[in-house]
Amino acid sequence: MEPVQTLRIAIQKSGRLTDKTITLLENIGIKFDGYKNRLLVKALNFDVELLLIRDDDIPEYVQDGICDLGVVGANVTLETEADITVLQDLGFGQCRLSMASPVSKNIKSSKDLAGKRIATSYPVLTKKYFDSLGLDAKIIKISGAVEITPRLDVADAICDLVSTGGTLKTNGLREMETILKSESQLIRTNKPLPQHKLDLIEKFLVRIEGQQLAENSRYILMNAPKDSLEKITDIIPSLNSPTVLPLANPDMIAIHTVIPITKFWEVMEQLKDAGATGIVMLPIQNMIN
Ligand code: ATP
Ligand code: ZN
């Protein structure tokens, strides 16, 4: 019999994604015993291990099958053009890759950049963008502090990651177009995997889905006059039919249900108008449909 191989997941060693990735893995039930300053960490309760590396290396490690899974920003995966499959968007590490130019110069859009110098850590994506505009620009690859290059007269404009826009502003830059919206993703190798790894991946995907559903839902409870039940059930965009419980006062009932967080305020106001009182909202730790 072949030895059972451990499912290996590549994650960022130390950076913006690290803590959130570890939290995600813990939330889906994988336990670790300290990961700081280690390269390879075995899980305590699953046949899973983490490889902690620079985020730039993750897509290729997954492509080559050195790791089965990886957690990395779409920006990195697309820049490396790795041959992998995206399994799931993870809802953290949101940012955008944008073109920006000095406020002091008369560059309003990338169309004004034909023949100019563009500094970026994302030469592949930047080149594709200029190709799509049918423009030729001189792309200069810089690995860090791209935002200071216009001031140093190394570049006329930049293409860089932005989340709040604060760094651009501080450096006298104006954001022009967004060329990519990105977040962290769970990626999978396209190399064939043994059944036990596929089973484990499937299990984790179901758990991630449950986790995301729970994060985006709230449990609400309220009291209401018995005769308003129909009106209230019509308002609730519930996944299931609500739970209705009797109260000591025979004219009143308690209603419990789960609603998507995006509907919370809208639903809350309508429930109040329909006669609901004592409306309480609670976070949900986890849920499976
Ligand atoms: P490493 O040492 O692993 O190469 P890094 O410096 O390239 O680290 P970080 O700055 O930690 O990377 O960013 C990791 C990822 O976080 C980015 O690739 C991107 O997907 C995401 N991210 C979210 N917001 C931002 C932002 N404002 N600037 C840069 N990256 C961001
Ligand atoms: Zn990096």
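Residues numbered from 1 in each chain as written. Chains lettered and ligands numbered in written order. Predicted model: local features only at pLDDT ≥ 70, side-chain atom pairs only at ≥ 80, totals over all residues. Heavy atoms only, no water.

Give me the overall build of the protein chain: which residues, what numbers.
Helix and strand counts for the protein chain come out as 8 helices and 15 strands. Against the 2.2 N^0.38 benchmark of 19 Å for 289 residues, the protein chain shows a C-alpha radius of gyration of 25 Å, more extended than a compact globule. Overall, the C-alpha framework of the protein chain stretches about 80 × 65 × 35 Å when taken along its three principal axes. Considering the protein chain as a whole, with its 289 residues, one finds that 45% of them fall into the buried category. Accessible surface computed for the protein chain: about 15,600 Å², of which carbon and sulfur atoms make up 52%. Both charge centroids of the protein chain, one from 33 positive and one from 37 negative side chains, sit 5 Å from each other. (Helix = DSSP H or I, 4+ residues; strand = E, 2+ residues; numbered from the N terminus. Rg over C-alpha atoms; globule rule 2.2 N^0.38 Å. Buried < 20%, exposed > 50% of the residue type's maximum accessible area, 1.4 Å probe, protein only. Areas by Shrake-Rupley, 256 points an atom, 1.4 Å probe, with all protein chains shown as cover. Lys, Arg positive; Asp, Glu negative; His and termini not counted. Charge placed at Lys NZ, Arg CZ, Asp CG, Glu CD.)

Go over the layout of surface pockets with me, naming the residues and quoting the values.
Counted as a void, the largest pocket has a volume near 1,200 Å³. In terms of lining, the largest pocket is formed by 41 residues, of which the most central are Arg 16, Asp 55, Asn 75, Tyr 122 and Leu 161. Within the residue set of the lining of the largest pocket, elements represented by two or more residues are helix H3 (74-80), strand E9 (157-162) and helix H5 (166-170). The element contributing the most residues to the lining of the largest pocket is H3, with 4 residues. (1 Å grid on protein atoms, 1.4 Å probe; cavity = no way out; pocket = protein on both sides within 12 Å on 5 of 7 lines; lining within 4 Å. Points joined across faces, edges and corners; volume = space filled by probe spheres on them.)

Any chance you could break down the coordination of the zinc ion (ligand 2) for me, citing the residues and the numbers?
The coordination sphere of the zinc ion (ligand 2), as far as protein atoms go, consists of Asp 55 (OD) and Asp 56 (OD), spread over 2.0 to 2.1 Å. Around the zinc ion (ligand 2) sit 4 donor atoms, and with donor-metal-donor angles ranging over 75 to 173° the site reads as irregular. A relative accessible area of 35% places Asp 56 in the partly exposed class. (Donors = N, O, S within 2.8 Å, 3.2 Å for Na, K, Ca; no water. Tetrahedral: all angles 85-135°; square planar, octahedral: opposite > 155°, others 65-115°.)

Please set out a nonpolar patch on the surface residue by residue, giving values where relevant.
A cluster of nonpolar side chains, contributed by Ile 148, Leu 152 and Val 154, occupies part of the molecular surface with about 230 Å² of accessible area. By the secondary structure assignment, Ile 148 is in the loop between strand E8 (138-141) and E9. For Ile 148, a relative accessible area of 30% gives the class partly exposed. (Patch = residues over 30% accessible without salt bridge, like charges linked within 9 Å, V, L, I, M, F, W, Y side chains within 5 Å. Salt bridge = Lys/Arg side-chain N within 4 Å of Asp/Glu carboxyl O.)

Would you mind going over the site of ligand 1 in detail, with residue names and values included?
With respect to spatial proximity, 15 residues lie near ligand 1, and among them Gln 12, Arg 54, Asp 56, Asn 75 and Ser 163 are the closest. Within the side chain of Arg 54, an N or O atom sits 2.8 Å from an oxygen atom of ligand 1. Asn 75 is positioned such that a nitrogen or oxygen atom in its side chain is 2.7 Å from an oxygen atom of ligand 1. When isolated, ligand 1 has an accessible area of 630 Å², and the protein chains bury 76% of it. The pocket occupied by ligand 1, as judged from atoms lying within 2 Å of grid points, is the largest pocket. Along the lines of polarity and charge, the residues of the shell around ligand 1 split into 4 nonpolar, 7 polar and 4 charged. (Near = heavy atom within 4 Å. Polar contact = N/O pair within 3.5 Å; in protein donor to acceptor, adjacent residues only side chain to side chain. Sits in = over half its atoms within 2 Å of the grid points. Nonpolar A, V, L, I, M, F, W, Y, C, P; charged D, E, K, R; others polar.)

Help me get a handle on helix H6 (residues 195-215), residues and values and all.
Here H6 contains 21 residues, and its C-alpha end-to-end distance of 30 Å stays within 8% of the 30 Å for a straight helix at 1.5 Å per residue. Taken together, the buried positions of H6 are Lys 197, Leu 200, Ile 201, Phe 204, Leu 205, Ile 208, Gly 210, Gln 211, Gln 212 and Ala 214. (Expected span 1.5 Å × (residues − 1).)

Describe empty space enclosed by the protein, listing the residues and the values that go with them.
Summary: where empty space remains is shown by rolling a probe the size of a single water molecule over the atoms. The full count for this structure, using the stated rule, is 1 cavity of 30 Å³ or more. When its volume is computed, the largest cavity comes out at roughly 70 Å³. Per-element tally for the lining of the largest cavity: the top contributor is H6, with 3 residues. Of the residues that constitute the lining of the largest cavity, the class distribution is 10 nonpolar, no polar and no charged.

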